[in-house]
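Spelled out from the first residue to the last, the chains are:
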Amino acid sequence: MRSHSTSIFTFLALLLFPVLSTAQNTGFVHASGTSILDNQGQNIIFRGIGTGNWMLQEGYMMGTSGATNGTQWHFRQKLISTIGLEKTNQFFNAWWDDHLRKVDVDSMAAWGFNSIRVAMHYKMFTLPIEEEPEAGKDTWLESGFQRIDNLLQWCAENHMYLILDMHGCPGAQGSDSNISDYDSSKPSLWESEENKRKLVALWKKLAQRYSQSPWIGGYDLINEPKWDALQANSNRDLWDMFKRIVDAVREVDNNHLIFLAGNNWGNNYTGLPTISNWGGNIALSFHKYWSYNSATAIDWIINLGKQHNVPIWLGESGENSNTWFADLIRLCESKNVGWSWWPVKKMGINNILRSKSNSEYTQLMNAWKNNSSINTTTAFNGLMKFAEDHKFENCAIQYDVIDAMITRPHTNETRPYKNNQIGSEIFAVNYDFGPVGYAYFDKGDADYHSSGETYTNWNQGWTYRNDGVDIQSCSDQINNGYSVGWIEDGEWLNYTISSAEPKAYSIFFRYASQTGGGRVYVEINGKRVSRSIDLPATGSWTTWNTAIIPNLIFPQGVIKLRLVFEKGNFNFNYFKITSARDIENVNFDLLSAETDRIKNEIILDFNQQVDQISTTDLNVKVNGTVASVLSVKKNNDNPQQIVLSIDQSILSNSAITIDNSSETCLSGSKKLTKFSGFEVTNKAAQHFSVPAKVKAENFAANNGFVFQTCEDIDGGQNAGYTNSGDYLDFIIYAESAGEYNTDLRVAVNAATARLAFYDIADKSTLLKTVTLPYTSGWQQWRTVSTTANLKQGKNIFRVMAISDGFNLNWIEFKTKEGTGISSKSADKWDIYPNPVKSKLTISLDESSIEAIVTLYDATGKKLSSTILNDKINQLDMSNYQEGMYILKINRGNEMTTKKIQILK
C-alpha cells in the first residue's frame with residue numbers, strides 16, 4: 001500500500017523536535033572520537049532494551065520448538081493453513097498492537113533505561129522482491145513506518161533514544177534462519193542484487209523520514225550478518241554492502257550515528273577497510289552471549305575502535321543469569337561502552353517482562369508437532385489470547401532482572417525484595433536484591449558455554465527469579481507458590497528485616513527433605529547467632545515439617561539476616577520470626593567452633609559478647625590428646641568471636657573437641673554455659689604426608705597464579721601466568737625433621753626463572769632459592785631436583801615466584817637415605833572401589849607390620865579404627881551415610897591419607 005502521510009509526519013516532527021544545524025551536529029547523538037555524545041553534546045552510555053519478537057518473531061520466543069522450523073515465515077505459513085489468511089492477519093495486527101505500547105516505553109524509562117533498539121523486519125515496510133507488482137520498484141507499507149513513528153514519539157516523550165535495527169533484511173542476511181527469517185528456497189541478501197538494492201532503498205527511506213529527529217539514537221544497518229561465504233574474500237562483500245547503505249543514508253541524513261556490525265553474529269571484523277573516509281559519525285557494534293566477562297573480554301573490540309577512532313557499542317546481549325548481566329554491564333560501562341539487552345519480553349525469567357502461554361495455544365503447537373488436526377476456533381482463540389498476554393499489564397515484571405542491569409553493576413549493597421516483617425511468614429524465594437556473594441550464594445550462577453564450559457541452567461526450576469538460586473513450585477499449606485530447592489552444602493540466602501528493639505527470638509523454619517541430612521544456622525549482620533540445626537527427613541520432597549532455631553539475639557534497627565545451609569539436600573518454603581524474649585533471659589553459649597584453613601587455630605563464635613576469657617578456660621583435644629592453648633585473640637570487628645592458637649598440628653583428618661568446665665569465661669556477669677565434647681568443624685586444607693607428590697592445583701592458598709590445562713604426561717592443571725611475588729602454599733606433614741629430596745615439574749619459557757621455598761608456619765623463613773633452566777616452551781616439561789628442609793609435623797610450605805617465565809605442574813617430596821623414614825609410596829597401597837557402596841578393599845604388601853586404618857567424616861570426626869593384618873582386607877561401609885570421608889592408614893613409619901566417597 002502506498003501512502004502520502006510522510007509529509008504530515010515530517011511537519012509534526014518539526015513541531016515536536018527542533019531542527020538544529022547539521023553542521024554543528026550537536027542536536028543529535030553523534031560520535032566524537034571513541035565516545036558517543038547525546039543530543040546535548042554530553043557523553044552518553046546507552047542503557048537499552050531490544051524489542052525482541054515484536055516485528056520479527058523468532059521461534060524460541062514464540063514457543064514453537066518442534067512445531068515450526070523457528071522462522072516467522074514458516075509460522076505464518078502454518079497459521080494460514082490452519083486458520084486462514086484473514087484470521088492470520090487479524091492475529092498479526094493484534095500482536096503488533098499488544099506487544100509494544102506506550103506503557104512499555106514509559107515503564108522502561110522509569111526503570112532507568114535510556115534507549116530502545118527496535119528489531120525491524122523489512123516486510124513491515126516493503127514487499128519481498130518476489131511479491132513486487134513491478135520488478136525493481138518498491139512498494140512502501142505505511143503501517144510499518146507509522147508504528148515506528150509512534151514508538152519514536154513515546155521515546156521522545158520519555159527522553160529516550162530509539163535505535164533502528166534492521167533485524168531481518170530483504171532475503172535475510174544470515175544462515176541462522178530464525179534470527180533473520182531466512183528461507184533457503186529463496187535467494188539471500190548476499191545472493192541477490194535486487195535484495196541488496198531494496199535494502200539500500202529502505203534505509204534511505206528511513207533516514208529521510210527521521211533525519212531531523214534528535215531522539216533517533218542511530219541506525220544499526222544489518223543485524224548479525226552470518227554468511228560463511230563472505231569470509232572467502234575477507235568479508236569484502238559485507239563491507240561493500242555497508243558502504244552502499246552509508247552513502248545512500250548520507251544523501252538524505254548527515255545527522256545520525258551509523259552502526260556497523262561484523263560477520264558471524266556481529267563479531268568478525270576481518271577485512272574491515274579504513275572507514276575514516278566514509279563521512280564520519282560511525283560506530284562499531286558487537287554482540288556477546290554466554291562467554292566469560294573477564295577484565296579483558298571486550299578489549300579486542302575496544303582496540304579496534306581505537307584503531308579506527310570510532311566508538312564501540314554492545315548492540316545485543318542477554319539470555320543469561322543476573323550475575324552474568326551485572327558482570328558484563330559493569331565491564332562495558334567501565335570502558336565507556338553502551339549496551340542493549342535482548343529482549344524486553346518473552347516467556348522466561350531472564351528478561352524484564354515475563355509473558356505466558358495458554359492451554360489453547362499449547363494445543364495448537366502440539367497439533368503442529370504431531371501433524372494432527374485442531375479446531376479452528378480453538379487455534380484462533382489460543383493465538384489471540386497469546387497476543388493479549390503479551391500486553392504489559394498481563395506480564396510479570398522481573399524486578400530482579402532490572403536490578404541486575406541498572407543497580408548491581410554499581411553497588412554490592414543488598415536491598416529488600418519484599419517488606420519482611422517479624423511475626424509473619426518470610427518466603428524463602430523473597431531473599432534480598434543484590435549480587436551473588438552479598439544477597440545470596442549459589443554454586444551454579446551463570447552460563448559460560450561459549451567459553452567452553454558445560455551449559456549451566458543456573459535456576460534449576462526456571463521460575464520466579466533469574467539468579468542462581470534454584471526455585472520451584474510449592475504446594476505446602478502456606479505458600480506464595482514457590483520454594484527454594486536443589487540446595488547444596490554451603491549455599492545461603494540473605495534477608496533485610498527491621499527490628500524495633502533488641503530482643504531474642506526463635507525461627508520456625510519450614511522445610512521438606514526426602515533423605516534428611518540438612519543443616520542450617522543463622523547469621524545477623526555478619527555475626528553467627530545460632531547453633532547448627534539438623535533437618536531430619538520428612539518423608540518426601542513435598543512433605544513439609546517445621547524446625548525450630550531458638551534463642552536468636554536481634555539488635556535494634558535494620559538487620560541483614562542470613563540463613564546458611566551448612567548441609568543441603570532439602571527444600572525451603574518459608575521462615576517465621578516469633579516467640580520474643582528479653583535478652584537477659586538468654587544463656588551465654590558457644591555456638592560454633594571451626595578450624596582455620598591453614599593455621600593451627602580454632603575460631604569460636606558465641607551468642608553474646610565475650611568480655612573475659614583466658615588460655616586456661618577451654619580444654620582442647622586433638623585426636624584425644626590435650627592441646628595447650630597458646631593464645632586467645634578477640635576479633636576486633638566481632639566481639640562475639642575469638643581465635644584460639646594451639647600447640648598441636650591441625651591436619652585435615654584431625655578430630656578436635658572442646659570442653660568448658662570453668663566459670664571464668666564471661667559475657668558481662670553471665671558465665672559461659674558448661675559443655676563437654678563440643679565438636680570442632682575441621683576446615684583445614686588437605687595435607688600431604690611425606691613421601692608425597694603434590695599437584696599444583698591442590699594448594700592450600702594461592703596468591704596470583706592462574707591455572708590452565710596441563711599438557712604434561714599426567715595431565716590435570718598447572719599453575720601459570722606467573723608474576724614475581726605470586727605464591728602457592730601447601731600443607732606438608734613430615735614424620736621427622738630433616739632435609740628431603742624435592743622434585744619440581746616445571747615448564748620454563750625464559751632464559752632462566754627463579755623461585756623460592758619458604759616456611760611460613762610461624763614467621764616466613766626463606767628455605768632455599770631454585771634456578772629453573774629453560775625447557776623450550778610453556779608446555780615443555782622437565783623435572784628439576786633439589787632439596788628442602790621440613791620440620792617435624794605440619795609444614796606450611798610456600799613456593800614463591802622470584803621471577804616470571806615458568807609454569808608449575810607438581811612438587812614431590814621424597815625421603816633421603818638415613819632419615820629413618822621409609823620412602824615407600826603411599827600409592828602402592830591399593831584402595832578400591834572408590835566411590836564405594838558396601839565393601840571397601842584395602843590391599844597391602846607382604847610386610848608383617850600390622851596397619852591401623854582410621855575413618856573420619858568430612859568434618860574430621862573420628863568414626864572408627866581397625867587393625868589390618870592381612871594382605872587383602874575388606875571394610876564394611878554399608879552403615880555409613882552417603883558422602884565424603886577421610887581414610888588414614890598408619891603402618892610403622894608409613895602413613896597415607898585418602899578421600900573416600902560412599903554412595904547409596
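This one's a predicted model, so the numbers in the text were calculated from it and none came from an experiment.

## Considerations on the overall build of the protein
- Secondary structure assignment for the protein yields 15 helices and 54 strands.
- On the principal axes, the C-alpha backbone points of the protein span a range of 100 × 70 × 60 Å.
- Of all 904 residues assigned to the protein, the portion counted as buried reaches 55%.
- Taking the contacts inside the protein whose residues are at least 6 apart along the sequence as the reference set, 72% of them involve residues at least 24 apart.
- Of the roughly 36700 Å² of accessible surface on the protein, a fraction of 46% belongs to carbon and sulfur atoms.
- A distance of 2 Å separates the average location of the 83 positive side-chain charges in the protein from that of its 96 negative side-chain charges.

## A few points about the sheet that holds strand β48 (residues 830–832)
- Pairing in this open sheet of three strands is antiparallel, and the strands run β48-β49-β52 from one edge to the other. Whereas interior strands pair on both sides, the edge strands pair on one side only; in this sheet they are β48 and β52 (872–876). The sheet shows a mean angle of 20° between the axes of neighbouring strands, direction not considered.
- Where strand β49 (residues 839–843) lies against β52, five bridges are found, and the strand directions are antiparallel.

## What about unusual backbone geometry?
- A cis amide bond, omega -15°, links Trp342 with the succeeding residue Pro343.
- Inspection of the secondary structure puts Pro343 in the loop between β10 (338–342) and β11 (345–346).
- Each neighbour pair has its own omega, and for Val690 with Pro691 the value is 0°, a cis peptide bond.
- Residue placement: Pro691 occurs in the loop between β36 (687–689) and β37 (692–695).
- We note that Asn309 has phi near 55°; this positive angle belongs to a residue other than glycine.
- Among the structural elements, Asn309 can be located in the loop between α11 (299–308) and β9 (312–318).

## Structural notes on the environment of Ile301
- In this fold, Ile301 is placed in helix α11.
- Here Ile301 falls in the buried class, since its relative accessible area comes to 0%.
- Contacts of Ile301, omitting those with residues within four sequence positions, involve Tyr269, Phe286 and Ile312.

## Concerning the pattern of salt bridges
- Evaluation of the coordinates by the stated rule reveals 47 salt bridges.
- Of the charged contacts in the structure, one is a salt bridge between Glu134 and Lys137, with a shortest N-O distance of 3.3 Å.
- The partly exposed category is assigned to Glu134, whose relative accessible area is 43%.
- Among the residues examined, Lys137 registers a relative accessible area of 45% and is labelled partly exposed.
- Where Lys226 meets Asp228, a salt bridge forms, and the shortest distance between an N and an O atom there is 2.9 Å.
- Look at Asp228 and you get partly exposed, because its relative accessible area is 48%.
- Via salt bridges that share partners, Glu132, Asp138, Glu194, Arg197 and Lys198 belong to a single interconnected network.

## Some thoughts on the layout of surface pockets
- Here the second largest pocket defines a volume of roughly 840 Å³.
- Of all the secondary-structure elements, those providing two or more residues to the lining of the second largest pocket are α3 (72–83) and α4 (85–99).
- A per-class count over the lining of the second largest pocket returns 14 nonpolar, ten polar and seven charged.

## What about the packing of helix α8 (residues 193–210) against helix α9 (residues 236–252)?
- Where α8 meets α9, the axes come as close as 8 Å, and the angle between the chain directions of the two elements is 30°. Of the possible angle classes, the one that applies to α8 and α9 is roughly parallel. Relative to α9, the crossing made by α8 is right-handed. Of the residues in α9, those touching α8 at Glu193, Lys196, Arg197, Leu199, Val200, Trp203, Lys204, Ala207 and Gln208 are Met241, Arg244, Ile245, Ala248, Val249, Glu251 and Val252.

## Focus: the sheet that holds β11
- Reading across the sheet, the three strands line up as β11-β12-β13 and stay open at both edges, with mixed pairing between neighbours. On the outer flanks of this sheet lie β11 and β13 (396–397), each paired with one strand and no other.
- Across two bridges, β11 lies against strand β12 (residues 353–354) in parallel orientation. For Lys345, the partnering residue across the bridge sits in β12 and is Leu353.

## Notes on the side chain of Lys345
- Considering the arrangement of structural elements, one finds Lys345 in strand β11.
- Using a relative accessible area of 0% as the deciding quantity, one classes Lys345 as buried.
- At 3.0 Å, the side chain of Lys345 and the side chain of Asp104 are in polar contact.
- Side-chain polar atoms of Lys345 contact the backbone oxygen of His390, separated by 2.7 Å.
- Beyond its immediate stretch of four places on either side in the chain, Lys345 contacts Asn53, Asp98, His99, Asp104, Asn351, Leu353, His390, Lys391, Phe392 and Cys395.

## Here's the deal with the confidence of the model for the protein
- This prediction gives the protein a mean pLDDT of 92; 94% of its residues lie at or above 70.
- Under a pLDDT of 50 for its full length, residues 1–24 has, in the predicted model, 28 contacts with residues more than four places off or in other chains.
- Throughout residues 818–827 the model reports pLDDT below 50, and contacts reaching past four residues in sequence, or to other chains, amount to 19 contacts.

Conventions adopted
Residues numbered from 1 in each chain as written. Predicted model: local features only at pLDDT ≥ 70, side-chain atom pairs only at ≥ 80, totals over all residues. Heavy atoms only, no water. Helix = DSSP H or I, 4+ residues; strand = E, 2+ residues; numbered from the N terminus. Buried < 20%, exposed > 50% of the residue type's maximum accessible area, 1.4 Å probe, protein only. Contact = heavy atoms within 4.5 Å. Areas by Shrake-Rupley, 256 points an atom, 1.4 Å probe, with all protein chains shown as cover. Lys, Arg positive; Asp, Glu negative; His and termini not counted. Charge placed at Lys NZ, Arg CZ, Asp CG, Glu CD. Pairing = 2+ DSSP bridges. Axes fitted to C-alpha atoms, helices over the stretch in contact; angles between N-to-C directions. Salt bridge = Lys/Arg side-chain N within 4 Å of Asp/Glu carboxyl O. 1 Å grid on protein atoms, 1.4 Å probe; cavity = no way out; pocket = protein on both sides within 12 Å on 5 of 7 lines; lining within 4 Å. Points joined across faces, edges and corners; volume = space filled by probe spheres on them. Nonpolar A, V, L, I, M, F, W, Y, C, P; charged D, E, K, R; others polar. Parallel < 35°, antiparallel > 145°, perpendicular 65-115°, else oblique. Left-handed = near helix turned anticlockwise from the far one by under 90°. Polar contact = N/O pair within 3.5 Å; in protein donor to acceptor, adjacent residues only side chain to side chain. pLDDT = per-residue confidence, 0-100.

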